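These are the residues of each chain, in order.
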Amino acid sequence: MARPEFDLTTIYDDVVRRNPGEVDFAQAVREVLGSLGPVLNKHPEFARSKIIQRICEPERQVIFRIPWQDDTGEIHINRGFRVEFNSALGPYKGGLRFHPSVVLDTVKFLGFEQTFKNALTGMPLGGGKGGADFDPKERSDDEVMRFCQSMMTELYRHLGEYTDVPAGDMGVGTREIGWLFGQYKRITNRYESGVLTGKGLDWGGSLVRKEATGYGVAIFAEEMLRASGTGLDGATVVVSGAGNVAIYAIEKVQQMGGLVVACSDSGGTLHDPSGIDLDVVKRCKEVERTSLAAYAHERPTASYGPAPLWEVPCDVALPCATQNELDHVAAKQLLSNGCRAVAEGANMPCTPDAVALLLEAGVLFGPGKAANAGGVATSALEMQQNASRDSWTFAHTEEKLDEIMVTIHRTCHETAEEYGSAGNYVAGANIAGFTKVAHAMASFGLI
Ligand code: GLU
């Protein structure tokens, strides 16, 4: 048999060749494959049965037309995607992203990451992702509703609580899930609560789901810090973004005694050395849907402008905005300011050279597939409640989320140690997620 290193390089080169131009997908694959050498040494059967090559190929990819009319009657055509990546551990599970930048590459990288993230949660979830190149910004409620209805008119045939269960992602929150669920119910004539997660609390949603991704990131950061003898209490923290993940990461960090001094939106960085007032951020983003500039107008301690967020000195950085937002320049800046820990709230927000710099410098680094798994884990709790026609209290659900995040941290920590990369959560997360999926796939034979 060929040397594992050789195998992995060949597999990666093949992925690049067969998926031309898909740079984000290639980046995500490279990052996982980079950790798998020791796994192949221990499990040569995975190489023989070509499990890695199979894992890199989505089980199914659906691309479809989404026509819709705006309020003036003009017709628009968007492109919809659902990449059903892997169903070894359960139905395909992962969010829908509405953003003008969405192309197949985006959805494939997200679906690939999701497969391992979902495995790490310990819940029965396969991996998938979807979305559309639709820009919800500046669109009226009616327009977004018509878009969601048109999208679901095709998407519904691929979904089902035992088949594929979408949720939200960037640009998709409870409002959009409501319109998608309404159309699914109408077309199928089934009140199938478990077909979507992130639902409203009155119609099958779970308490804590909204907060879960952000809370989970803070819990993961706390666990990494605790394992090295400190914690978030008294730490200065910067959080990129001001969306759902960022808002609830800030909330949890504040509950844990950390001081969050900066966050950001697409227009700039908000710096408030006295500590971010989260009520004001929530009002700007969740109610008024406006820029963070409004925050700086009402709080004299704050400034809002184009200066990069990562220049703000901090002990802990939580990138919660989007992929590749934290590059090697930002990583160097964080290091020179004495940053001790970085946990990824977004999917793949740190570039590979940024990750390499941080790891080399001994910064605690929590990769997204572990650190931001709280959202999808709570989606699984929502599915549990739907299946048993039950609804749990906030405290009970939060306790479960807490337990799951602590377990994910422990799994990554112990797996890294077992495979000779102590302290490297990237290796721990990749290996633990991969081996779980690979063992299940091996049990099913060649499918
Ligand atoms: N979009 C979220 C993620 O990246 C949540 C997915 C879900 O709940 O299915 O994990």
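Remember, it's a predicted structure, so these values are computed and weren't measured experimentally.

## Points about the overall build of the protein
When helices and strands are tallied, the protein shows 18 helices and 12 strands. For 447 residues, the compact-globule estimate of 2.2 N^0.38 gives 22 Å, and the C-alpha radius of gyration of the protein, at 21 Å, lies within 12% of that figure. In terms of overall dimensions, the protein has C-alpha extents of about 65 × 55 × 45 Å along its principal axes. A burial count over the protein gives 57% of its 447 residues as buried. Long-range pairs, those at least 24 residues apart, make up 72% of the contacts in the protein with a sequence separation of at least 6.

## Comments concerning the packing of helix H7 (residues 141-155) against helix H8 (residues 174-188)
It is at 8 Å that the axes of H7 and H8 come closest, and there the two elements cross at 45 degrees. Comparing the axis directions of H7 and H8 gives the class oblique. In the packing of H7 onto H8, the handedness of the crossing is right-handed. Here Asp 141, Val 144, Met 145, Cys 148, Gln 149, Met 152 and Thr 153 of H7 lie close against H8, whose contacting residues are Arg 175, Glu 176, Trp 179, Leu 180, Gln 183, Tyr 184, Arg 186 and Ile 187.

## Describing the nonpolar core
Taken as a class, soluble globular proteins show a tendency for nonpolar side chains to be buried jointly. Ranked by size, the top nonpolar core spans 61 residues in total, and within it Val 237, Leu 318 and Ile 408 carry the most contacts. Among the elements that take part in this core, helix H9 (residues 209-227) stands out by supplying 9 residues, more than any other. Those residues in contact with Val 237 that lie beyond four places of it in its chain are Leu 232, Val 253, Leu 259, Val 260, Val 261, Ala 262, Cys 314, Val 316 and Leu 318. Counting residues in hydrophobic clusters, the runner-up holds 40 residues, among them Leu 36, Phe 112, Tyr 419 and Ala 427.

## Quick notes on the packing of aromatic side chains
Within the structure shown, the criterion is met by 14 aromatic pairs. For the ring pair Trp 68 and Phe 134, a centre distance of 5.3 Å and an interplane angle of 85 degrees mean the geometry is edge-to-face. Taken together, the residues span a long stretch of sequence, with Trp 68 in strand S1 (residues 60-69) and Phe 134 in the loop between strand S4 (127-132) and H7 at a distance of 66 residues. A centroid spacing of 5.8 Å and a plane angle of 65 degrees characterise the contact between Phe 85 and Phe 112, whose relative ring orientation is edge-to-face. In this pair, Phe 85 sits in strand S2 (residues 75-86) while Phe 112 sits in helix H6 (residues 104-120), placing the two residues 27 residues apart along the sequence. In this pair, the class of Phe 85 matches that of Phe 112, namely buried. Pairwise contacts between aromatic rings join Phe 25, Phe 85, Phe 112 and Phe 116 into one cluster.

## A look at the sheet that holds strand S3 (residues 92-98)
Judged by pairing direction, the sheet is mixed, and its 5 strands sit side by side in the order S1-S2-S4-S3-S5 without closing on themselves. Strands at the two margins of the open sheet, each flanked by one partner only, are S1 and strand S5 (164-168). Neighbouring strand axes in the sheet, compared pairwise and without regard to direction, differ in orientation by 20 degrees on average.

## Some thoughts on the environment of Gly 95
You can see Gly 95 is positioned in strand S3. When the C-alpha positions of Gly 95 and Val 165 are compared, they lie 8.3 Å apart, and in sequence the two are 70 residues distant. Look past the residues within four positions of Gly 95 in its chain and what remains in contact with it is Arg 82, Gly 128, Lys 129, Gly 130, Ala 167, Gly 168 and Asp 169.

## Comments concerning the environment of Leu 104
Residue position: Leu 104 is located in helix H6. C-alpha of Leu 104 to C-alpha of Glu 22: the two residues are 82 residues apart in sequence and 8.0 Å apart in space.

## Thoughts on the confidence of the model for the protein
Considering every residue of the protein, the mean pLDDT works out to 97; 99% of them sit at 70 or more. Predicted confidence is poor over residues 1-5, with pLDDT under 50, and the contacts of this stretch with residues over four places away or in other chains come to 6 contacts.

## Side note on the site of the ligand
Near the ligand you find 13 residues, and of these Lys 93, Lys 117, Asp 169, Arg 209 and Ser 379 are the closest. Taking Asp 169, its side chain carries an N or O atom lying 2.8 Å from a nitrogen atom of the ligand. Within the side chain of Ser 379, an N or O atom sits 2.6 Å from an oxygen atom of the ligand. Surface burial for the ligand is 95%, taken as the share of its 290 Å² of free accessible area covered by protein chains. For the shell around the ligand, the secondary structure elements donating two or more residues are S3, H6, S5 and helix H16 (374-387). In terms of residue count, S3 provides more of the shell around the ligand than any other element does, 3 residues in total. Classifying every residue of the shell around the ligand by side-chain character gives 2 nonpolar, 6 polar and 5 charged.

## Things to note about the pairing of S4
Along S4, 6 of the 6 residues are buried, which leaves the element largely enclosed by surrounding structure. Along S4, one buried face is formed by Gly 127, Lys 129 and Gly 131 and the opposite face, lined by Gly 128, Gly 130 and Ala 132, is buried too. Across 6 bridges, the pairing between S2 and S4 is antiparallel. Along S4, the bridge assignment pairs Arg 82 with Gly 130. Each parallel crossover has a hand, and the one from S3 via H6 to S4 is right-handed.

## Remarks on the environment of Arg 48
Position of Arg 48 relative to the elements: it lies in helix H4 (residues 44-48). Judged by relative accessible area, which is 62%, Arg 48 ranks as exposed. As for Arg 48 and Leu 8, which are separated by 40 residues in sequence, their C-alpha atoms are 13 Å apart.

## Thoughts on helix H10 (residues 244-255)
The end-to-end C-alpha separation of H10 is 17 Å, in line with the 16 Å expected for 12 residues at 1.5 Å each. Summarising burial for H10: 9 of the 12 residues are buried, a large majority. Within H10 the residues assigned to the buried category are Val 245, Ala 246, Ile 247, Tyr 248, Ala 249, Ile 250, Glu 251, Lys 252 and Val 253. Buried-residue contacts for H10 involve H9, strand S6 (236-240), strand S7 (259-265), helix H11 (278-287), strand S10 (316-319) and helix H17 (394-418). Gly 257, located one to two residues past H10, shows a positive phi value of around 95 degrees.

Thresholds, definitions, all that
Residues numbered from 1 in each chain as written. Predicted model: local features only at pLDDT ≥ 70, side-chain atom pairs only at ≥ 80, totals over all residues. Heavy atoms only, no water. Helix = DSSP H or I, 4+ residues; strand = E, 2+ residues; numbered from the N terminus. Rg over C-alpha atoms; globule rule 2.2 N^0.38 Å. Buried < 20%, exposed > 50% of the residue type's maximum accessible area, 1.4 Å probe, protein only. Contact = heavy atoms within 4.5 Å. Axes fitted to C-alpha atoms, helices over the stretch in contact; angles between N-to-C directions. Parallel < 35°, antiparallel > 145°, perpendicular 65-115°, else oblique. Left-handed = near helix turned anticlockwise from the far one by under 90°. Core = buried A, V, L, I, M, F, W, Y, C linked by side-chain atoms within 4.5 Å. Phe/Tyr/Trp six-rings, centres within 6.5 Å; stacked < 30°, edge-to-face > 60°. Pairing = 2+ DSSP bridges. pLDDT = per-residue confidence, 0-100. Near = heavy atom within 4 Å. Polar contact = N/O pair within 3.5 Å; in protein donor to acceptor, adjacent residues only side chain to side chain. Areas by Shrake-Rupley, 256 points an atom, 1.4 Å probe, with all protein chains shown as cover. Nonpolar A, V, L, I, M, F, W, Y, C, P; charged D, E, K, R; others polar. Right-handed = clockwise from strand over helix to strand, strands pointing away. Expected span 1.5 Å × (residues − 1).

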